[in-house]
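Structural overview
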Amino acid sequence: MEKQLKEEKVFKDPVHNYIHVQDEIIWSLINTHEFQRLRRIRQLGTSYLTFHGAEHSRFSHSLGVYEITRRIISQFERAEYPDWPEEERMVALCAALLHDLGHGPFSHSIEHAFQMNHEDWTCKIVLGDTEVAAVLRRLGEDFPEKVASVIRKTYEKAIVVNLVSSPLDADRMDYLLRDAYFTGVEYGTIDMDRILRMLRPYQGRIVVKESGMHAVEDYLMSRYQMYWQVYFHPVTRSSEIILRQIFRRAKELFDAGHSFRFLPDPLPGLFQRELTVQEYLLLDEALVQTAFMQWRLESDELLGQLCSCFLDRKLYKYVEVESLDMETIDDIRHAFEAAGLHPDYDLEIDFPTDLPYDVFRPDNESTEKQILLLDKHERLVEISEVSDIVRSISGLHRGKYHLYFPYEKVKAVLNRLPESIASIFIQN
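Just so it is clear, the structure is predicted and the values come from calculations on it, not from any experiment.

**Considerations on the pairing of strand β2 (residues 17-23)**
The pairing of strand β1 (residues 4-13) with β2 spans six bridges and is classified as antiparallel. Residue pairing in the sheet places Lys9 in a bridge with Val21 of β2. In this antiparallel pair of consecutive strands, β1 and β2, the connection spans three residues.

Printed below as a string of structure tokens:
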């Protein structure tokens, strides 16, 4: 049974002004051990090394997603739209609040290093022996499974999933606004109020009233610019590469039986990929950075150097290359090795479209990944069919190959590299 708080709780927020909590369940979830951990997980991973203001947390983002979802549902309920299932209110609010609960330290970087998925961990926490699960069960023994299925995108009512996970969802709207605010860029500023007013529940999903098309165009353009100016920023990518290399080297040493000067739980379990939920919840950025501070003193010179590079922001430099084939990559690696460099650690080749962020694509077979407009005749049309702006940004293919390398180490051996290879790394 849903219970209201005797007095509404509010969080002062730089993006939404105020975040309102009226439900006892939501307040209890916020105060769980597992949700409070998100204060110690940065929203943008290593982006703080590029944009010094990007210190905001998954905690604040999760509250923001909850607030946007709450506003959308309140609007639907006030308008008494028949296509909105009012009984799904708490499932949607809890899923919105908890959608990022399973993120680990430095988020996507640690997922890539150890083949983990934060949504899987979110569901394990929601369904496990946790404070969050105990709170959710107050609404029914099957309620944690309902929330987990929304996060897995398998919930029987797609309209609830749409609120939290779709091309125009509460998650994306909050992170665009929040990330723009804390990085200091202007690209992510969108007219969210206008977008929210134009949302409609219709035929089992969330659609946009046709007159709101221009606000959605602005949202998609802002999103496109944020990806290329913030999320794909090559300096952030450099820090992510070093971070992954630290994890890779530490795991190599662990597997070889190296005796670490500092290896607190749950890091051994992380290296073995045998973490329990309780062990996983011990992972936060404070623990990982403490380990890096100790590892810079390790007897293994490579691990120490990598940790120092990350902590002191001595990041890899990069050069841009228009095209790159496997033969050239092999030639570079062999030349590096012959010159005394380590091709696995002194060279990383990246193409931005490989990063774990998506750009809107209208030509997706699933309508769940499309933005649909509702015209005055109550017909649905996919937005790129009527928007020249959306068609233009959806058709663009951007990105160059970036070759990342430790500048001083490569500079010291340039004379030992073939001229054709050396010329790649001495671009102005």
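**Some thoughts on the pattern of salt bridges**
All chains considered together, the criterion is met by 27 salt bridges. With a closest N to O distance of 2.3 Å, Arg152 and Glu145 form a salt bridge. Here Arg152 falls in the partly exposed class, since its relative accessible area comes to 36%. Overall, the relative accessible area of 35% leaves Glu145 in the partly exposed class. Residues Lys400 and Glu320 are paired through a salt bridge, measuring 3.7 Å at the closest nitrogen-oxygen approach. One end of the pair, Lys400, is in the loop between α19 (388-395) and β9 (401-405); the other, Glu320, is in strand β5 (residues 317-321), and 80 residues separate them in sequence. By relative accessible area, Lys400 is classed as partly exposed at 33%. The class for Glu320 is partly exposed, based on a relative accessible area of 36%. Through salt bridges with shared partners, a single network forms among Asp13, Asp174 and Arg178.

**Considering the packing of aromatic side chains**
The final tally for this structure, using the stated rule, is 22 aromatic pairs. On the numbers, 6.0 Å between centres and 35 degrees between planes, the contact of Phe114 with Phe271 is tilted. Of this pair, Phe114 sits in helix α5 (residues 108-114) while Phe271 sits in helix α14 (residues 267-272), and the two are 157 residues apart along the sequence. Side by side, Phe114 and Phe271 carry an identical accessibility label, which is buried. In this structure an aromatic cluster arises from ring pairing among Phe106, Phe114, Phe247, Phe254, Phe260, Phe271, Phe292, Trp295 and Phe310. The ring centre of Phe59 lies 3.8 Å from the NZ or CZ of Arg39, which sits over that ring. Note that Lys124 overlies the ring of Trp121, its terminal NZ or CZ placed 4.2 Å from the centroid.

**Describing a negative patch on the surface**
Judged by side-chain charge, Asp325, Glu327, Asp330 and Asp331 come together as a negatively charged surface patch. Looking at the element boundaries, Asp325 is found in the loop between β5 and α18 (326-338).

**Describing the sheet that holds strand β4 (residues 205-209)**
Taking strand neighbours across the sheet as the criterion, the four strands line up as β3-β4-β7-β8 in an open arrangement whose pairing is mixed. In the strand order of this sheet, the two ends are held by β3 (199-202) and β8 (380-382), each with one partner. Each strand axis lies, on average, 45 degrees off the axis of its neighbour in the sheet, ignoring direction. Pairing geometry for strand β7 (residues 372-374) and β8, over three bridges, is antiparallel. Its bridge partner being in β8, Leu372 is matched across the sheet by Glu382. Strands in contact with helix α3 (residues 58-79) are β3 and β4; relative to β3, the strand with the most contacts, it is inclined by about 65 degrees.

**Things to note about the domain arrangement of the protein chain**
Once the domains are mapped, the protein chain shows domain 1 (4-221) and domain 2 (233-315). Buried area between domain 1 and domain 2, both sides added, is near 2600 Å², and the carbon and sulfur share of it is 64%. Where Arg40 meets Asp284, a salt bridge forms, and the shortest distance between an N and an O atom there is 2.6 Å. Linking domain 1 to domain 2 there are 15 residue pairs in polar contact (both at pLDDT 80 or more). Elements that contribute at least two residues to the side of domain 1 that touches domain 2 include exactly α2 (33-36), α5 and α6 (118-127). Per-element tally for the side of domain 1 that touches domain 2: the top contributor is α5, with five residues.

**Considering unusual backbone geometry**
For the bond running from Asp265 to Pro266, omega is 10 degrees, close enough to zero to count as cis. Tracing the chain through its elements places Pro266 in the loop between α13 (234-255) and α14. A positive phi is found at Gln115, a non-glycine position, where the angle reads about 50 degrees. Considering the arrangement of structural elements, one finds Gln115 in the loop between α5 and α6. A positive phi angle, near 55 degrees, is found at Arg273, a position not held by glycine. Tracing the sequence through the fold places Arg273 in the loop between α14 and α15 (277-280).

**What about the nonpolar core?**
One recurring pattern in soluble globular proteins: nonpolar side chains tend to sit buried together. Counting 123 residues, the largest nonpolar core has Ile26, Leu29, Leu98 and Trp295 as the members making the most contacts within it. The greatest single-element share of this core, amounting to eleven residues, is contributed by helix α12 (residues 213-231). For this core, the two domains that each supply at least three residues are domain 1 (4-221) and domain 2 (233-315). Residue contacts for Leu98: discarding those within four places in its chain leaves Leu29, Phe35, Thr122, Val126, Val132, Leu136, Val147 and Ile151. Residues Val319, Val321, Leu417 and Ile421 belong to the second largest nonpolar core, which totals 19 residues.

What counts as what
- Residues numbered from 1 in each chain as written.
- Predicted model: local features only at pLDDT ≥ 70, side-chain atom pairs only at ≥ 80, totals over all residues.
- Heavy atoms only, no water.
- Pairing = 2+ DSSP bridges.
- Helix = DSSP H or I, 4+ residues; strand = E, 2+ residues; numbered from the N terminus.
- Salt bridge = Lys/Arg side-chain N within 4 Å of Asp/Glu carboxyl O.
- Buried < 20%, exposed > 50% of the residue type's maximum accessible area, 1.4 Å probe, protein only.
- Phe/Tyr/Trp six-rings, centres within 6.5 Å; stacked < 30°, edge-to-face > 60°.
- Lys NZ or Arg CZ within 6 Å of the ring centre and 35° of its normal.
- Patch = residues over 30% accessible without salt bridge, like charges linked within 9 Å, V, L, I, M, F, W, Y side chains within 5 Å.
- Areas by Shrake-Rupley, 256 points an atom, 1.4 Å probe, with all protein chains shown as cover.
- Lys, Arg positive; Asp, Glu negative; His and termini not counted.
- Charge placed at Lys NZ, Arg CZ, Asp CG, Glu CD.
- Axes fitted to C-alpha atoms, helices over the stretch in contact; angles between N-to-C directions.
- Contact = heavy atoms within 4.5 Å.
- Domains from an automatic or database assignment.
- Buried area = accessible area lost by both parts, 1.4 Å probe.
- Polar contact = N/O pair within 3.5 Å; in protein donor to acceptor, adjacent residues only side chain to side chain.
- Core = buried A, V, L, I, M, F, W, Y, C linked by side-chain atoms within 4.5 Å.

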